[in-house]
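Here is how the chains run, residue by residue.
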Amino acid sequence: MGADGLVRRPALVADGFDGAEIDRMLRSGVLVAVRRGVYRLAGGDSPRAEDDHRLRARAAGPELVSGAVFGFVTAAVLLGLPVWRIPLRRLHVVRDRSNGARIRGDLQIHGGRLPEGDVLELAGGLRVTSPARTVVDLARTVAAPQALVTIDGALHRRIVAERARRPDPAAATTGEIIRALGASANWSGSRAARRAVAFADGRSESPGETLSRFRMHVAGLPAPVLQWPVPGTRLRTDFAWPDRGVVGEFDGRTKYGRSPRPGADPAEVLWQEKRREDRIRAEGLTVVRWTFPEIDDPGPNGMAARLRPLVGP
């Protein structure tokens, strides 16, 4: 098995397996096909959609023509950036030419300029578009909420990298993204990309926070302060309207600085969360919490409906 976790048919043949044996291993489930002639060993749960996409990209990498690189959502997945509700059935490839957009099997091939600074080589030799180019290409081609999840993810990676004082190849600065925007000013979708980038904020620490912030904006709610430090404590909240004495918390992801230990007692985790919320309320603040389904819920129990009477129109 290769370092990428894949088993290739030529390697099996070189190890003495004939075609009939390989086919039997596929039928029996010992091997699972990733692409034609490329497999993974069975075992454990089926990979998540992003993991499956990543495996298929690694399987397809050696087949790409010279000068082609992975881009769009495939580059985002390979970089480890968050993606939300972007179809992952096809692998996306960019070739440095003005035309040639087409579909070939499970490959979506895009034509476009690829300056040297827009290409990044990952471990294992896979070439992808840079984080800044990747998020701009996505912002040109997918809906605003989907684009924002990935843009915020790249910006947040920069904040974390600077805090840890270590480089992160998946991180991007606002300046780098703006430069990538400028280079694509005449491309299709560039206006939508500019709007998405203008709204992006790396202080959003998860897709749920990004989507919450976007829905607040669409609902016409006042813009919140992000990652607000609660006075008199060492705590901070996802969202705050300090002049209204209201804070908001998105539930559904591990919070920075509050990651539960592996094997931690769920009851103890809930107790600690309750103590944290009680501490915030003790400062005279109103706490509103919501989960993923409540972000888009238009009813009275939805996030926007619960916040509106507290923070204003």
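Scope of this entry: the structure provided in the associated data block. (Residues numbered from 1 in each chain as written. Predicted model: local features only at pLDDT ≥ 70, side-chain atom pairs only at ≥ 80, totals over all residues. Heavy atoms only, no water.)

**Here's the deal with the nonpolar core**
- Ranked by internal contacts, the top residues of the largest apolar core, which has 46 residues, are Phe70, Ile151 and Ile177.
- Sorting elements by how many residues they give to this core places helix α4 (residues 72–79) first, with seven residues.
- Dropping the residues within four chain positions of it, Ile177 is found in contact with Ala132, Val135, Val136, Ile151, Leu155, Ala172 and Val197.
- Core analysis: the next-biggest nonpolar cluster, separate from the first, contains 17 residues, Leu211, Leu221, Leu226 and Ile295 among them. (Core = buried A, V, L, I, M, F, W, Y, C linked by side-chain atoms within 4.5 Å. Buried < 20%, exposed > 50% of the residue type's maximum accessible area, 1.4 Å probe, protein only. Helix = DSSP H or I, 4+ residues; strand = E, 2+ residues; numbered from the N terminus. Contact = heavy atoms within 4.5 Å.)

**Details of the sheet that holds strand β3 (residues 38–41)**
- Across the sheet, which stays open at both edges, the three strands sit in the order β1-β3-β2 with antiparallel pairing between neighbours. A strand with exactly one partner marks an edge of an open sheet, and here the two such strands are β1 (7–8) and β2 (31–35).
- Relative to β3, β2 runs antiparallel, the two being bridged by four bridges. Across the sheet, Ala33 pairs through a bridge with Tyr39, a residue of β3.
- Each of β2 and β3 is contacted by helix α2 (residues 19–28), which is oriented at about 100° to β2, the strand it contacts most.
- Strands in contact with helix α3 (residues 49–60) are β1, β2 and β3; relative to β2, the strand with the most contacts, it is inclined by about 70°. (Pairing = 2+ DSSP bridges. Axes fitted to C-alpha atoms, helices over the stretch in contact; angles between N-to-C directions.)

**As for helix α5 (residues 131–141)**
- Burial runs high along α5: 10 of the 11 residues are buried.
- Buried within α5 we find Pro131, Ala132, Arg133, Thr134, Val135, Val136, Asp137, Leu138, Ala139 and Arg140.

**Comments concerning the sheet that holds strand β10 (residues 225–229)**
- Taken together, the four strands give an open sheet; going across it, the order is β10-β11-β12-β13, and neighbouring strands pair in mixed fashion. Among the strands making up the open sheet, the edge pair consists of β10 and β13 (286–290). Strand-to-strand twist of the sheet, defined as the mean angle between neighbouring strand axes without regard to direction, takes the value 45°.
- Its contacts with the sheet put helix α9 (residues 207–218) on β10, β11 (236–241), β12 (246–250) and β13, and the angle it makes with β11 is roughly 0°.
- Together, β11, β12 and β13 form the strand contacts of helix α12 (residues 303–311), whose direction differs from that of β13 by roughly 165°.

**Comments concerning the packing of α4 against α5**
- One can describe the packing of α4 onto α5 by two numbers: an axis separation of 8 Å at closest approach and a directional angle of 140°. Relative to α5, α4 is oriented oblique. By crossing handedness, the relation of α4 to α5 is classed as left-handed. Residues Phe72, Val73, Ala75, Ala76 and Leu79 of α4 touch α5, and the partners they reach there are Pro131, Thr134, Asp137, Leu138, Arg140 and Thr141.
- When its residues are assigned to classes, the contact of α4 with α5 shows seven nonpolar, two polar and two charged. (Parallel < 35°, antiparallel > 145°, perpendicular 65-115°, else oblique. Left-handed = near helix turned anticlockwise from the far one by under 90°. Nonpolar A, V, L, I, M, F, W, Y, C, P; charged D, E, K, R; others polar.)

**Quick notes on the environment of Thr291**
- Here Thr291 shows up in the loop between β13 and α11 (292–295).
- Sequence separation between Thr291 and Arg157 is 134 residues, and the spatial gap between their C-alpha atoms is 23 Å.
- Sequence-distant contacts of Thr291, defined by excluding residues within four places in its chain, comprise Phe250 and Asp251.

**Description of the pairing of β11**
- Counting buried positions over the six residues of β11 gives five, a clear majority of the element.
- When β10 meets β11, the two strands line up antiparallel, connected through four bridges. In the strand pairing of β11, Leu226 is matched with Phe239.
- Turn length for the β10-β11 hairpin, with the two strands adjacent in sequence and antiparallel, is six residues, and the turn residue Gly232 shows positive phi of about 80°.
- The loop that links β11 with its antiparallel partner β12 comprises four residues; one of these, Gly245, has a positive phi angle of about 65°.

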